[in-house]
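Tertiary structure, described
Below, each chain spelled out in residue letters.
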Amino acid sequence: MPDKRSLLKFLPVSLNITDKKILIIGGGKVASHKLAGIKCYSENITVLAPDVNEDIIKDPELRTVIKYYEKSDLQNFDIIYACTNDHETNTLIKKDAVSMGKLVNVADNPELCDFISPAIHREGIMTVAVCSNARDVKGSINLRNRIKDFLQND
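**Observations regarding unusual backbone geometry**
In this structure, Asp108 takes a positive phi of about 60° despite not being glycine. Of note, Asp108 is situated in the loop between β5 (103–106) and β6 (119–123).

Here it is in structure tokens:
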């Protein structure tokens, strides 16, 4: 039987991002999905990409920068989400972020992530987060939905 620490890679924590600046690199569906999960926690979000979905551009709460990624883009940010559709670019973003001491999440590649985003349900000040250590995202979402249904029918 494997050591349980080899199965548990990500420590579930709640991170205070009150004054943290968040950069999402990528402007497509993956970036939109990440934004949906974090927008209610921060107003300090910038999206950077050469092409950005219209729903992102039209969002008045977001700062949008239309350009290709460069390492210097990471300079003024604390938390980085690499959400491009190019594996090489996402890997480069990870490498650059680590060299600058930044926390980075590489979409759809948990091996490159410093942190992952759990399936979240919020009710007022209470939050339930379900995480599978990036091994079963659909399972996490299903369990979160079952918890949500239970709480709403209680």
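**Considerations on helix α2 (residues 29–38)**
Burial in α2 covers these residues: Ala31, Ser32, Lys34, Leu35 and Ile38. Viewed end-on, α2 has its buried residues packed into an arc of 165°, placing them on one side of the element. In α2, those exposed residues whose orientation departs by more than 90 degrees from the buried face are Lys29, His33 and Ala36.

**Side note on the nonpolar core**
Ile22, Ile24, Leu35, Ile45, Ile56 and Tyr81 are the most contacted members of the largest nonpolar core, which has 17 residues in total. Those residues in contact with Ile24 that lie beyond four places of it in its chain are Ala31, Leu35, Ile38, Ile45, Thr46, Val47, Leu48, Tyr81 and Cys83. Among the nonpolar cores identified, the runner-up in size contains 15 residues, and Ala97, Val104, Val106 and Cys113 belong to it.

**Quick notes on the pattern of salt bridges**
This model, assessed by the stated rule, comprises five salt bridges. For the salt bridge of Glu54 with Lys58, the shortest nitrogen-to-oxygen distance reads 2.8 Å. Comparing Glu54 with Lys58, the two get one shared label, exposed. Bridged by salt links that share partners, the residues Lys67, Glu70 and Asp73 form one connected network.

**Regarding the environment of Gly27**
As for its placement among the helices and strands, Gly27 is situated in the loop between β1 (22–25) and α2. The spatial distance from the C-alpha of Gly27 to the C-alpha of Thr84 is 7.3 Å, given a sequence separation of 57 residues. In contact with Gly27, other than residues within four places in its own chain, are Val47, Ala49, Asp51, Val52, Asn53 and Ile56.

**Examining the confidence of the model for the chain**
Parts of the model with low pLDDT should not have their predicted coordinates read in detail. Residues at a pLDDT of 70 or more form 94% of the chain, whose mean pLDDT is 89. Model confidence for the chain, summarised as mean pLDDT per element, is weakest for helix α1 (residues 4–7) at 58 and strongest for β1 at 98.

**A few points about the packing of aromatic side chains**
The full count for this structure, using the stated rule, is one aromatic pair. The interplanar angle of 90° and the centroid separation of 5.4 Å between the aromatic rings of Tyr81 and Phe115 together place this pair among those described as edge-to-face. Here Tyr81 is found in strand β4 (residues 79–82), whereas its partner Phe115 is found in the loop between β5 and β6, with 34 residues between them in sequence. This pair shows no difference in class: Tyr81 is buried, exactly as Phe115 is. The aromatic ring of Tyr41 is capped on one face by Arg122, whose charged end is 5.3 Å from the ring centroid.

Quick notes on the rules
- Note on numbering: residues in each chain are counted from 1, in written sequence order.
- Local features in this predicted model are restricted to residues whose pLDDT is 70 or higher, and side-chain atom pairs enter the listing and the counts only when it is 80 or higher, whereas totals over whole chains, interfaces and linings include all residues.
- Excluding hydrogens and water, the side-chain values take into account all heavy atoms of the structure.
- Segments assigned H or I by DSSP are reported as helices when at least four residues long, segments assigned E as strands when at least two residues long, and all are numbered from the N terminus.
- The buried label goes to any residue with under 20% of its type's maximum accessible area, the exposed label to any with over 50%, and the partly exposed label to all in between, with areas taken from a 1.4 Å probe on protein chains only.
- Working definition: the arc comes from the directions between the helix axis and the C-beta atoms, pointing outward to the latter.
- Residues belong to a common nonpolar core when they are buried Ala, Val, Leu, Ile, Met, Phe, Trp, Tyr or Cys residues joined through side-chain atoms within 4.5 Å.
- In what follows, residue pairs with any heavy atoms lying within 4.5 Å of each other are defined as contacts.
- By salt bridge we mean one thing: a side-chain nitrogen of Lys or Arg within 4 Å of a carboxyl oxygen of Asp or Glu.
- How sure the predictor is of each residue is captured by pLDDT, a score from 0 to 100.
- Any pair of Phe, Tyr and Trp rings, taking the six-membered ring for Trp, is counted once the centres come within 6.5 Å. Such a pair is stacked with planes under 30 degrees apart, edge-to-face with planes over 60 apart, and tilted for the rest.
- Geometrically, a lysine NZ or arginine CZ counts as sitting over a ring once it is within 6 Å of the ring centre and also within 35 degrees of the ring normal.

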